[in-house]
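A closer look at the structure
This is what each chain is made of:
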Amino acid sequence: MTQTITSSVTSANDVVVTQLWETLNPVFADIAASAPQRDAAGGIDITPIQALRAAGFTRLRVPAEYGGYGLSLPQAYEFFVALAAADSNLAQALRSHWGFVEDLLSRPADQAAFTERWLTRIGTGLVVGNAITERGNTHGQNATRLSRRDGQWILNGTKFYSTGTGYADAILVATTGDDDEPASLIIAADAPGVEIVDDWDGFGQRLTASGTTHFRDVVVDEADIFPPGHGIDSGDRTAFGQAAWQAVHLATLVGIAKAVLRDGVGYVQSRTRTFSHGAADTVQQDPQVLQLLGELSAKVAGIETIFRAIPPVLAEHFAADARGEELPEAEVDALYAQVYQAQQVIAPVVLEVATKIFEVGGASATSQTRALDRHWRNARVLASHNPLIYRARILGDYVVNGVSPERKYTVGQAAS
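If you look the protein chain up in an unreviewed UniProt entry, it shows as Dibenzothiophene monooxygenase from Enteractinococcus helveticum. In its Subcellular location (unreviewed entry) section, the UniProt entry covering the protein chain states "Cytoplasm". Heading Sequence similarities (unreviewed entry) of the UniProt record for the protein chain holds this comment: "Belongs to the DszC flavin monooxygenase family."

Listed below in structure tokens is the structure:
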């Protein structure tokens, strides 16, 4: 396990990173070019995920000895933001995969068998999705059950918001065990009894495969059940807590903002007509348009800077967690506060940028062939997953009263 722990804190050399950019940049460009058409068409198109897999994106953080590239967290997040800028749907679809790799890298040495089993699989290109959330579930309780029957572990239940599952080879599942305690496992997406339904109907994030997953008498390999107390729903482990999960959301939002600016600038550069009441003969020279784009570029640069401060701190916590160190509560609180504060700034700025970009043009900016609206729709849905008002209150309680920021939350029941 020493190798996996080391990979949490070391960086890949510049040659490896440069080669990865040379390989992935054309993939990102192709994905960006096809994003408007795919968004309009809807449905699950696995072609982009296959291209990302083949180019090594899904193995960025996996140690070299398991078939990956061993990038540090800050290095890897640069690629994640680039994917989000190409198509934020795909970044969101791979969020569970991203989080699971971090979970594996931070596991202690006594879980080496589980860790190495899955790092090896991911190192060969396996993609992971999730089936964690249920409709109507109460605080921390899952109706999905893992039961012992005739000497086998059997999974039954239904999940919703199964983000990325339609693109995945394996699925992370949160369940309730025979002892009525939470249990977690990972199952093959094509296992008998698994049914994936692409029925997500949100106005944004249409291509994230975030619909329903049914499990009907699915046989589970005991080796693929998470070690007790270290499941995907554990609120105690930093690597799988809300600080890490929200960092992925923030990276995706930053990518959306960069895409808005890119597409807005491209639109302005392509325009051949202006308005009679414009301030220049061409839109490209109009001082008001230039001012707006300059202001938006500054906002995008600002939130990018705020986000980039987070991965190094996360990496430090992951490494300490992997070493079995008990982190001071004040340090963990500070990490969560940093992420939640970034959320309060980044999400509203991205929504503002995605709205104001339409000021640079006329009706042609609303053309569905450009699909500029998808950026706002995707950002709005992404920001809605975790309502900002609640996190703002939590931050205020932390700043004023020293109350620890909440590290885990569930949907379905208010805190008692």
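There's more to say after this.
The biggest cluster of nonpolar side chains holds 84 residues, and the ones touching the most others in it are L52 and F57. If we skip the residues at most four places from it in the chain, F57 touches L24, F28, L52, F79, F80, L83, L94 and W98. In this structure, Y66, I122, L172 and F226 belong to the second largest nonpolar core, which totals 18 residues.

This part covers the packing of helix α11 (residues 329-356) against helix α12 (residues 373-384). The interhelical angle for the contact between α11 and α12, taken along N-to-C directions, is 160°, at an axis separation of 9 Å. Considering their axes alone, α11 and α12 lie roughly antiparallel with respect to each other. Along this stretch, α11 crosses α12, giving a crossing that reads as left-handed. Between α11 and α12, the residues in contact are A347, V350, L351, A354 and T355 and H375, W376, A379, R380 and A383, respectively. Taken together, the residues that form the contact of α11 with α12 break down as 7 nonpolar, 2 polar and 1 charged.

Bringing α12 into the picture now. Look at α12: 17 Å from first C-alpha to last across 12 residues, which is about the 16 Å you get at 1.5 Å a residue. Listed as buried for α12 are R374, H375, R377, N378, A379, V381, L382 and A383. Residues of α12 that are buried make contact with α2 (14-41), α5 (88-93), α8 (242-270) and α11.

Reading guide: rules and limits
Residues numbered from 1 in each chain as written. Predicted model: local features only at pLDDT ≥ 70, side-chain atom pairs only at ≥ 80, totals over all residues. Heavy atoms only, no water. UniProt positions renumbered as here; feature names shortened; annotations may be inferred. Core = buried A, V, L, I, M, F, W, Y, C linked by side-chain atoms within 4.5 Å. Buried < 20%, exposed > 50% of the residue type's maximum accessible area, 1.4 Å probe, protein only. Contact = heavy atoms within 4.5 Å. Axes fitted to C-alpha atoms, helices over the stretch in contact; angles between N-to-C directions. Helix = DSSP H or I, 4+ residues; strand = E, 2+ residues; numbered from the N terminus. Parallel < 35°, antiparallel > 145°, perpendicular 65-115°, else oblique. Left-handed = near helix turned anticlockwise from the far one by under 90°. Nonpolar A, V, L, I, M, F, W, Y, C, P; charged D, E, K, R; others polar. Expected span 1.5 Å × (residues − 1).

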